[in-house]
Amino acid sequence: SAADKGGWSSFMAKEVSEEPDAVANTVRGRIRDGIVAIPELDGLDELFAGINRIIIIACGTAAYAGMVGKYAIEQWARVPADVELAHEFRYRDPVIGPDTLVVSISQSGETMDTLMAVKYARERGAKTLSICNTQGATIPRESDAIVYTHAGPEVAVASTKAFVAQVTAQYLLALHIAHIRGTLSDTEIAQQVLELEEVPEKISRILSDEQAHIEQFAKWMADTRSVLFLGRHVGYPIALEGALKLKEISYIHAEGFAAGELKHGPIALIEPGQPVFVLVPSPSHSPLLHSKVISNIQEIRARGARIIAVAEEGDAAVLPYADEVLRIPFAGPLFEPILAVVPLHIFAMGLSTAKGLDVDQPRNLAKSVTVE
Ligand code: G6P
């Protein structure tokens, strides 16, 4: 009912507005003396000390959250991490054992593909940790350890606030493991914690400063038939997530690509007028990565692409090449994706609304897929 939506036009609109809280509530209670300390993982230090590999398994949006998490786990905890779709993992005789930690990510905790993959991993002797948004769901019950996301109930079929909470939970997990394994100093962990604690306020700023602009822009784009998304590094999974959201709720053909892969194929798709979202990494973190993305933009613009840049406030280098710029606040390199996804969620929602579609209940999809 409208009452449950708290005055919002859709559950998705309400849930996007709750993205700052989803991050803040997932962090709450897990910081002690400036260092990450996840109470649910007390007593499991030996488990984390004894692993030499992490495999993240999930489906849909949760798998893209996993792709972001991989960067943080490897960079901070120095444990090799891979991401695999749950339904692929199970059917390929993966090399896993007691020194493997399988981290599953699921909003509902009931996705059958993910559940079966967790059970399979356990049978093969791997350790299992569930990142889940639903207290007492089946997947956490089947796992050795649980880190709940606290995004609150998510009703819209397409996942939004759960995604930012899933990335947040993995960052906490990565810092927790880094602490146990001594791969980061307390000072370094404290720095990342400060960054993480600033994220909710930065998301709120995107919502207050950019939401109306992005929705207006989405209206102009309502007749678009195909949209491409490009990103590098942690921007790559965000490109995939931006494309998925558009497919799910606006039924527009959309693809996400790693920007470096352009010349190996996707650039053939570029024709005059083709809209391309480009996730531009901050020039201050890696001038090299930034300049590479700017040259990607130049390459496709020269072939007529319409560029929509998602770029940091103050990044003027994109201005000569972008038809539209969606701004996000400055953040540390691994924190950019949690911010950059927000404009893409707003865009998909705006476009779906502009097309007069049911934002919350897209055709053919279910919130939780409990069959294989
Ligand atoms: C379904 C939903 C997606 C979701 C996926 C994984 O396909 O439509 O929005 O990302 O399941 O769901 P989970 O509950 O496991 O995160």
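Residues numbered from 1 in each chain as written. Predicted model: local features only at pLDDT ≥ 70, side-chain atom pairs only at ≥ 80, totals over all residues.

Draft legend 1. Main features of the sheet that holds strand β9 (residues 253-258). In space, the five strands of this open sheet follow the order β9-β8-β10-β11-β12, with parallel pairing throughout. What marks the edges here is a single partner per strand, and that holds for β9 and β12 (324-328). With strand direction ignored, the average angle separating the axes of adjacent strands in the sheet is 20°. With five bridges connecting them, strand β11 (residues 306-312) and β12 associate as parallel partners. Bridging from a neighbouring strand, I308 pairs with E324 of β12. Strands β8 (226-231), β9 and β10 (275-279) of the sheet are contacted by helix α10 (residues 235-250), whose axis makes an angle of about 175° with β9. (Pairing = 2+ DSSP bridges. Helix = DSSP H or I, 4+ residues; strand = E, 2+ residues; numbered from the N terminus. Axes fitted to C-alpha atoms, helices over the stretch in contact; angles between N-to-C directions. Contact = placed C-beta atoms within 7 Å.)

Draft legend 2. Broad picture of the site of the ligand. Neighbouring the ligand are 16 residues, the closest being G60, S106, Q107, S108 and T111. Partitioning the shell around the ligand into residue classes produces six nonpolar, nine polar and one charged. (Near = placed C-beta within 6 Å. Nonpolar A, V, L, I, M, F, W, Y, C, P; charged D, E, K, R; others polar.)

Draft legend 3. How the structure looks around the pairing of strand β6 (residues 127-132). β6 sits mainly inside the fold: six of its six residues count as buried. Every second residue of β6 is oriented toward a common face, with K127, L129 and I131 on one face and T128, S130 and C132 on the other, all of them buried. Strand direction decides the pairing type here: strand β5 (residues 100-106) and β6, joined by six bridges, are parallel. Each residue of the ladder has a partner; that of L101, found in β6, is K127. Assessed by its sense of winding, the connection that carries the chain from β5 through helix α6 (residues 112-123) to β6 is right-handed. In this structure, β6 lies alongside strand β7 (residues 145-148), joined through four bridges in parallel fashion. Its bridge partner being in β7, S130 is matched across the sheet by I146. (Buried ≥ 20, exposed ≤ 12 C-beta atoms within 10 Å, placed from the backbone. Right-handed = clockwise from strand over helix to strand, strands pointing away.)

Draft legend 4. Just the nonpolar core, in detail. Formed by 131 residues in total, the largest nonpolar core has its most connected members in A174, L230 and V278. Here the element with the most residues in this core is helix α8 (residues 161-181); it accounts for 13 residues. Not counting residues up to four positions away in its chain, the partners in contact with V278 are L230, V293, N296, I297, I307 and A309. (Core = buried A, V, L, I, M, F, W, Y, C linked by C-beta atoms within 7 Å.)

Draft legend 5. Looking closely at the sheet that holds strand β4 (residues 81-85). Spatial ordering of the open sheet is given by β4-β3-β5-β6-β7, a layout of five strands whose pairing is parallel. Whereas interior strands pair on both sides, the edge strands pair on one side only; in this sheet they are β4 and β7. Recorded for the sheet is a direction-independent mean angle of 20° between the axes of neighbouring strands. The sheet contact formed by strand β3 (residues 53-58) and β4 spans five bridges and is parallel. Opposite I56, over in β4, you have V83 as the bridge partner. In this fold α6 packs onto β3, β5 and β6, with an angle of close to 165° to the strand it touches most, β5.

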